[in-house]
Amino acid sequence: MKIIKYLILILIILNLSSIKAEDQINDLNIKITKNLRCLICQGQSVYDSDTEFANSVKILVQNKLRDGQSEKEIYSYLKDKYGEWILYDPEFNKNTYFLWLLPVLMFLVGGAIIFKLLIKTKY
Amino acid sequence: MTSTIGFYSLTFGLVCSFLIIFFSVKNFNNSQFFDNKILSITFLQFFFVTISFFSLILAFVYSDFSNETVFNHSHTTKPLFYKISGTWGNHEGSLLLWLLVLTFFIFVFLLKSQKQKKEYRILTSLIQQVIIIGFFFFLIKTSNPFNYIFPVPAQGLGLNPILQDPALAIHPPILYLGYVGSSIIFSSALAATTLNYVSKDWAKHIKQWVLVSWIFLTLGILLGSIWAYYELGWGGFWFWDPVENVSLMPWLALTTLLHCILVLEKKLLLSSWAIILSIATFTLSMSGTFLVRSGILNSVHTFANDPERGLYILIFLFCLIFLSLFIFFFFFKFEKKKKNLFWLSKETAILINNWFMMYFLSVVLIGTIYPIFLEVFSSEKISIGPPFYNKLIIPFLVPFLLAMAIGPKLKWIKSNFENKKHLILFFIISLLLSILIIRNLDISFLLNTVLVTSAFYLFFITSRDFFVKGFKRLSQNIAHFGFSLLILSILFNNIFSTEVISNLKLGETLENENFKIKFENIKEINEYNYKSIKGKFTVQDLNGSNEIMYPELRIYNQPNIVTSEADIKTNLLTDKFMTMNYIQNQDYFNIRYQVKPFMLWIWLSVLLICFGGLISFIKKYEG
Amino acid sequence: MKVKFLPFFLVILLIFVFFGFYKGLQNSNIYTPEVNLKKNIPSFTAKLLGVKNEISSKEIFKDDVYYLLNIWASWCVPCRDEHKFLMDFSKSEKIEIIGINYKDKIKNARNFLNELGNPYEIIISDLDGTLSIEWGAYGVPESYLIYNQKILKKVVGPISLNNFFEIKDLVK
C-alpha cells in the first residue's frame, strides 16, 4: 500500500514540475512571439497576428522550446531564415550602435548643459 | 458639377493668398494701423476653402463617382455617416481638411489679436500664408480631390471597413486642429523673433494658442488609441507603430513648449528655447505628414504610398526648416547677460522637465526614422518595436514622475526645505503601498515597485494639493494628477491583465484555472454591407460570475475584406475582451479572451489631462 | 564662436537628413526577406501526403538533377494560376517537381490534383507549416529551383510567365 502511495506521490510531483515547466514554456512562447514581426501582416507581432505564417511560427517556437532550445537560439534560427527584420527588439550590433547610444548621448548632453547653467550661479 | 465648384473654389482660395501677401507687404510700411482688407480677404479665403470642402462632402454623400476620390474611397451601400466621414478618410480629402483648418485658424488668429502690434499680426499672417500656399500647390498639383474620371463608374471601390468607426471618423479633424494650431505657433514665433518681440507679453498672447493646439492634439491621440483598442481587435492601444509615433512627437514638443511658455510668461527666461520648440513642434507635425503620406514607412495606418507626393512634402518641409532657421539665427537677439539659476527652484524644475521630454522625444524620433537611414546607408533592414521604446523610456519615467511631483512645489528663484515634511511622508506611503501590491506577483520586483512608487507619489502629492491649495494652480494640478493616474492605470493594466488563447469547436468548452469558456452557438446575419457571423460564448470566472460574449466576424462585400470585431464589455474596474478568428481549412475557431483591468481609467486620465489644459484656457478669459 | 558654429553644423545635419529621406523614398517599404542564393537546402524528414511513410531530404534530392520545390495548398487561389506552368515543367525530363502540401486536408488536396493535374514526383505534407519555415517561406505559393543541394532561384508568390522562362533558361 505504502509503495502505491509513494508512487502516486512521485507521479504527482513529476506532473507538477512538468506542468510548471509547460507554464514557463507558454510564458516564454508569449514573450518570444511578441518580439517577432509577422511577415504577412507586417505591422503586427506574431503573437497578435492570425495569419497562417504567424500560427506556424507559434507552433515552431513551442516545439523548439520543448526541445530545450533557448530564446537566443530560436531568435538566431529565425534570423537566419528571415533576416534581422523579424525581431522587434533590435540587437546591439554594428548596425545599431547609433540607435541605442544616440538617445543616451542626447540625455547626457542635455544634462551637461543644465549642469553648466547651474554651476555658473555658484560663483 | 460639385467637382467643378470645388476645384474653382480652391483656385480662388489660392488667389486670395497672393492678394493677402500683396496687401500685407504694402501695409507693413505704409500705415500705423492694420489694414482690415487683410482680415477680409483671409475670411474670404476661408470661405472659399469651406465651399470646396462642402462640395467634396456632397460628392461623397451623393456617391458622385465621376469624382476620382469618391470612386476610390466610397460605395453606395456605405451608411451616410461614413459617407460623410469618408470625405477626410483619404489622402486628398484629408489634405483639404488641413487647408480648411489652416485658413480657419489664421482667420481666428487675426480676429483675436486685435490688441497686438500691427507688424506682428502681418508677419504672422505672411508666414502662415507661405504654409497655406504650399498646401494649395500640393493639393492642386499632386492630390487634387476633384479629378474627373470618364466613363463614370456605376459603383465605387468602397472604404476599408476598419475605417468605418465613429472614433476614427472624428480622429483626423481633432488631430488636425492640434497640428494646425502648431502652425500658428510656428508663424507667430518666427514673427516675434523677427520683430524682437519674444517677451512676456508675447508669451501671454501665444499661450492660448499653445493650449488650444495641445488640448486638441492630446484628444486626437486619445481618439486614435481608443479606435485602435475597440476596432483593431488586438486588445492593445499603443504599439509604437510609426504612425502613432508620428503623432506623439509633436505632442512631446508641444507639451515641453507649454511648460516653457508658462515660464516665459512670468520671467524672461528660456526665450530662445521657446522659439526653437515652436519651430520644432510644427516641423515635427510636417515631418509626420511626410512620413505617413509618402510611403517611406512600413505601417498598418499609412495612406496609399506615392513617392511623388512624398518628394513634394519633403522639399516643402525642408524649405520651411531652412526658412525658420535662417530667421532664428539672423534675427534672434540673444541675451548677453547670463541668468542666475538656483538649483532648488521652479526654473530648474522646468529645465529638468525639458531635459527629460527632449530625451523622450529623441528616443521616439530616432526609433522611428533609424530604419530608413540604416537601409539607405547600409541596405540592412531592421525592425524597431515596443521592446526598444520600453527599454529606453520606462526607466527614465521614474525620476520624471518624481520631478513632476516636487517641481511645482518649488518657488521661483529659490526654495528651501521648510514645511516639506509631507513630501517625505508621502514617499514612504507610496513605497510601502507598492511593495504590498507587487510583492506577491510573479513579475520583475524592483522595476515595477520603483515605477509604481513614483507614480503613486505623484498621485498622492497632487491629490493633497487639491485639498490644500484649492483653486490655485488648479489646471496644473489636474493635468499632473491625470498623468499620474494614466501611468498607474497603464502599469496596473499591464500587471493584472490575463489572456487565454485557444482553438474551440462549436459546443466545446475550454477550462483552465481562471475561467471556463463555452462555445454556445453561431448566428449568421446578412447586414446592409456585410455578412455577420456572430459567436455566442458564456464565460464563467473564478467568482462564479457569468458573462456572455458575442465576438463577430464580418465579411464585407465591397471591398472584399474579413474583419474580426471584438466584443468588449467595459465597466469602471475592468474590461472583458474577446475575439474570434477563422482558421483556414478547419472547423474550429481561434478564440482570444482577455481580462483587462483599468482600461477605462486610461481613457479617463487622458481626458483629465485635457481638462487641466482646458481650465487654464478658460481661466485666462476670466482673470 | 559656439553660436556661429551651430548653424553650420545644423545645415550639414539637415542636408544629411534630407538626403537620407530622399533616398529612402525610393526604397520599398514592404519587407521581403533576402534570398540567400547558393545556400544549401535544409535537411529534413517529413511525412508523405496521405500515407504514414516518412522520407528524408537525402532521399528526395539527388545530384545532377534539377528540382522545383513547390509549396501549395488546395485553398490557395494563386496556386491555381501557376499550376499550368508546373504541369508543363513536369513533362520535361530535366526537372522534377517536388510538392509541399501546406496546411491542407488530404481530400481537398487530392481533389485539387484530380481537377488540375498532378505534376509532383513526390508530395510532402506540411500540416503545421513548420517545414515551410525551415525553407524560409512565409506564404503560399512559393517555389525553389534546386540543383546539387543548392538553391538556384526562389519565387515568392505564383510562378509568372517571366519566372517560367527564367526557370526554363536555368534548367537548360
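Every value quoted in this text rests on a predicted model; they were computed, and no experiment measured them.

Looking at the overall build of chain B
Okay, step 1: The helix and strand tally for chain B stands at 17 helices and ten strands.
Okay, step 2: Taking 2.2 N^0.38 as the reference for a compact globule, 623 residues should give roughly 25 Å; the C-alpha atoms of chain B span a radius of gyration of 26 Å, in line with that estimate.
Okay, step 3: The buried share of chain B, taken over its 623 residues, is 49%.
Okay, step 4: Summarising the internal contacts of chain B: among those between residues at least 6 apart in sequence, 72% fall at separations of at least 24.

Some thoughts on the overall build of chain A
Okay, step 1: Scanning chain A from N- to C-terminus turns up four helices and zero strands.
Okay, step 2: Ordered by position from the N terminus, the helices and strands of chain A form the series α-α-α-α.
Okay, step 3: Scaling as 2.2 N^0.38, a compact globule of 123 residues should have a C-alpha radius of gyration of about 14 Å, whereas chain A reaches 24 Å, well beyond that.
Okay, step 4: For chain A, the C-alpha atoms occupy an extent of roughly 90 × 40 × 25 Å along the three principal directions.
Okay, step 5: The burial tally for chain A puts 28% of its 123 residues in the buried class.
Okay, step 6: When contacts within chain A are restricted to residue pairs at least 6 apart in sequence, those whose partners lie at least 24 apart make up 44%.

Some thoughts on the sheet that holds strand 1 (residues 498-504) of chain B
All names here are of chain B.
Okay, step 1: The strand order across the open sheet formed by four strands is 1-10-9-8, and the pairing between neighbours is antiparallel. If you trace the sheet from one side to the other, it starts and ends with strand 1 and strand 8 (567-570), each paired once. When strand polarity is set aside, the average angle formed by the axes of neighbouring strands in this sheet is 10°.
Okay, step 2: Bridge count for strand 9 (residues 574-582) against strand 10 (residues 589-597) is nine bridges, and the pairing is antiparallel. Bridge pairing in strand 10 places Thr574 opposite Pro597.

Comments concerning the confidence of the model for chain B
Okay, step 1: Confidence along chain B averages 90 in pLDDT terms, with 97% of residues attaining 70 or more.
Okay, step 2: Element-level mean pLDDT values for chain B span from 86 in helix 14 (residues 421-438) of chain B up to 95 in helix 2 (residues 36-61) of chain B.

Some remarks on the packing of helix 7 (residues 166-194) of chain B against helix 11 (residues 307-331) of chain B
Residue and element names in this part refer to chain B.
Okay, step 1: Axis separation between helix 7 and helix 11 bottoms out at 9 Å; the angle between their running directions is 30°. Judged on the interaxial angle alone, helix 11 and helix 7 are roughly parallel. The chirality of how helix 7 crosses helix 11 is left-handed. Of the residues in helix 11, those touching helix 7 at Leu190, Thr193 and Thr194 are Ser324, Ile327, Phe328 and Phe331.

Side note on helix 13 (residues 386-406) of chain B
All names here are of chain B.
Okay, step 1: Taking 1.5 Å of rise per residue, 21 residues should cover 30 Å, and helix 13 covers 30 Å from first to last C-alpha, within 8% of that figure.
Okay, step 2: Of all bends in helix 13, the biggest is about 35°, found at Leu397, and the proline Pro399 comes one to four residues later.
Okay, step 3: When helix 13 is considered as a whole, its buried residues turn out to be Phe388, Leu392, Phe400, Leu401, Met404 and Ala405.

Observations regarding the domain arrangement of chain B
Interfaces are often sized by the accessible area lost when the parts come together.
Okay, step 1: Segmenting chain B into domains produces domain 1 (1-164), domain 2 (173-325 + 345-401), domain 3 (402-496 + 605-622) and domain 4 (498-599).
Okay, step 2: The straight-line distance from the C-alpha centre of domain 1 of chain B to that of domain 3 of chain B is 43 Å.

Side note on helix 3 (residues 77-91) of chain C
All names here are of chain C.
Okay, step 1: The sharpest bend along helix 3 comes to roughly 40°, located at His83.
Okay, step 2: The complete set of buried residues in helix 3 reads Cys79, Glu82, His83, Phe85, Leu86 and Phe89.
Okay, step 3: Looking at the buried side of helix 3, the elements it contacts are strand 3 (66-72), strand 4 (95-102), helix 4 (106-116) and helix 6 (161-171).

Some thoughts on the pairing of strand 3 of chain C
Regular strands place side chains that alternate from one sheet face to the opposite one.
All names here are of chain C.
Okay, step 1: The element strand 3 is largely enclosed, with a buried count of seven among its seven residues.
Okay, step 2: Side chains Tyr66, Leu68, Asn70 and Trp72 of strand 3 all project onto a buried face; the interleaved residues Tyr67, Leu69 and Ile71 project onto the opposite face, where all are buried too.
Okay, step 3: Between the parallel elements strand 3 and strand 4, the chain passes through helix 3 in a crossover that is right-handed.
Okay, step 4: As paired elements, strand 3 and strand 6 (residues 142-147) share six bridges and run antiparallel to each other. Following the sheet pairing, Tyr66 is matched in strand 6 by Tyr147.

What to know about the environment of B:Gly507
Okay, step 1: Relative to the helices and strands, B:Gly507 is located in the loop between strand 1 and strand 2 (509-511).
Okay, step 2: Along the chain, B:Gly507 and B:Lys518 lie eleven residues apart, while their C-alpha atoms are 6.7 Å from each other.

A look at the interface of chain A and chain B
Okay, step 1: If you look at the interface, chain A gives 28 residues, while chain B gives 34 residues.
Okay, step 2: Per-element accounting of the side of chain A that touches chain B gives the leading share, eleven residues, to helix 4 (residues 97-120) of chain A.

Topic: the sheet that holds strand 3 of chain C
Residue and element names in this part refer to chain C.
Okay, step 1: Strand order in this open sheet of five strands is 5-4-3-6-7, and the pairing throughout is mixed. With partners counted over all chains shown, the strands left at the sheet margins are strand 5 (122-126) and strand 7 (150-156), one partner each. Across the sheet, the mean angle from the axis of one strand to that of its neighbour is 20°, orientation sign disregarded.
Okay, step 2: Of the strand pairs in this sheet, strand 3 and strand 4 are connected by seven bridges, and their pairing is parallel. Within strand 4, the position partnered with Asn70 by the bridge is Gly99.
Okay, step 3: Contacting strand 3, strand 4, strand 6 and strand 7, helix 6 crosses the sheet at an angle of about 170° to strand 7.

Points about the domain arrangement of chain A
Okay, step 1: For chain A, the assigned domains are domain 1 (2-89) and domain 2 (92-123).
Okay, step 2: The distance between the C-alpha centroids of domain 1 of chain A and domain 2 of chain A comes to 39 Å.

Quick word on the pairing of strand 7 of chain C
All names here are of chain C.
Okay, step 1: Sheet topology note: the strand 6/strand 7 ladder contains six bridges and is antiparallel. Within strand 7, the residue paired with Leu145 across the bridge is Lys153.
Okay, step 2: Counting the residues in the hairpin turn of strand 6 and strand 7 gives two residues, including Asn148, whose phi is positive at 50°.

Some words on the nonpolar core
Here is a general trend for soluble globular proteins: nonpolar side chains tend to be buried in one another's company.
Residue and element names in this part refer to chain B.
Okay, step 1: Membership of the largest hydrophobic core comes to 218 residues, with the highest contact counts inside it found for Leu99, Leu102, Met249 and Ala455.
Okay, step 2: The biggest single contributor to this core is helix 8 (residues 200-231), with 19 residues.
Okay, step 3: If we ignore the near neighbours within four places in the chain, the residues touching Met249 are Leu284, Gly288, Leu361, Val364 and Leu365.
Okay, step 4: By size, the runner-up hydrophobic cluster in this structure holds 13 residues, among which are Val539, Ala566, Phe577 and Met580.

Brief notes about unusual backbone geometry
Okay, step 1: For the bond from B:Phe150 to B:Pro151, the omega torsion is 0°, close enough to zero to count as cis.
Okay, step 2: Within the secondary structure, B:Pro151 is located in the loop between helix 6 (118-142) and helix 7.
Okay, step 3: The omega torsion across C:Val140 and C:Pro141 is -5°, close enough to zero to call that bond cis.
Okay, step 4: Here C:Pro141 shows up in the loop between helix 5 (130-134) and strand 6.
Okay, step 5: Positive phi, normally seen in glycine, also occurs at B:Trp240, with a value near 55°.
Okay, step 6: Looking at the element boundaries, B:Trp240 is found in the loop between helix 8 and helix 9 (242-266).
Okay, step 7: B:Trp240 gets classed as partly exposed once you count the C-beta atoms within 10 Å, which come to 19.
Okay, step 8: Of note, B:Phe598 is a non-glycine position whose phi angle comes to about 65°, a positive value.
Okay, step 9: Residue placement: B:Phe598 occurs in the loop between strand 10 and helix 17 (599-622).
Okay, step 10: B:Phe598 sits in the buried class, given 23 other C-beta atoms within 10 Å.

Points about the environment of B:Ala280
Okay, step 1: On the secondary structure map, B:Ala280 appears in helix 10 (residues 271-293).
Okay, step 2: On a C-alpha basis, the gap between B:Ala280 and B:Phe186 in space is 8.3 Å, while along the polypeptide they are 94 residues apart.

Topic: the environment of B:Val61
Residue and element names in this part refer to chain B.
Okay, step 1: In this fold, Val61 is placed in helix 2.
Okay, step 2: Between the C-alpha atoms of Val61 and Ile84, which are 23 residues apart in sequence, the distance is 6.1 Å.
Okay, step 3: Residues within four places of Val61 in sequence aside, it is in contact with Leu80, Lys83 and Ile84.

What counts and what doesn't
- Residues numbered from 1 in each chain as written.
- Chains lettered and ligands numbered in written order.
- Predicted model: local features only at pLDDT ≥ 70, side-chain atom pairs only at ≥ 80, totals over all residues.
- Helix = DSSP H or I, 4+ residues; strand = E, 2+ residues; numbered from the N terminus.
- Rg over C-alpha atoms; globule rule 2.2 N^0.38 Å.
- Buried ≥ 20, exposed ≤ 12 C-beta atoms within 10 Å, placed from the backbone.
- Contact = placed C-beta atoms within 7 Å.
- Pairing = 2+ DSSP bridges.
- Axes fitted to C-alpha atoms, helices over the stretch in contact; angles between N-to-C directions.
- pLDDT = per-residue confidence, 0-100.
- Parallel < 35°, antiparallel > 145°, perpendicular 65-115°, else oblique.
- Left-handed = near helix turned anticlockwise from the far one by under 90°.
- Expected span 1.5 Å × (residues − 1).
- Bend = angle between axes of the 7 residues up to and from the residue.
- Domains from an automatic or database assignment.
- Right-handed = clockwise from strand over helix to strand, strands pointing away.
- Core = buried A, V, L, I, M, F, W, Y, C linked by C-beta atoms within 7 Å.

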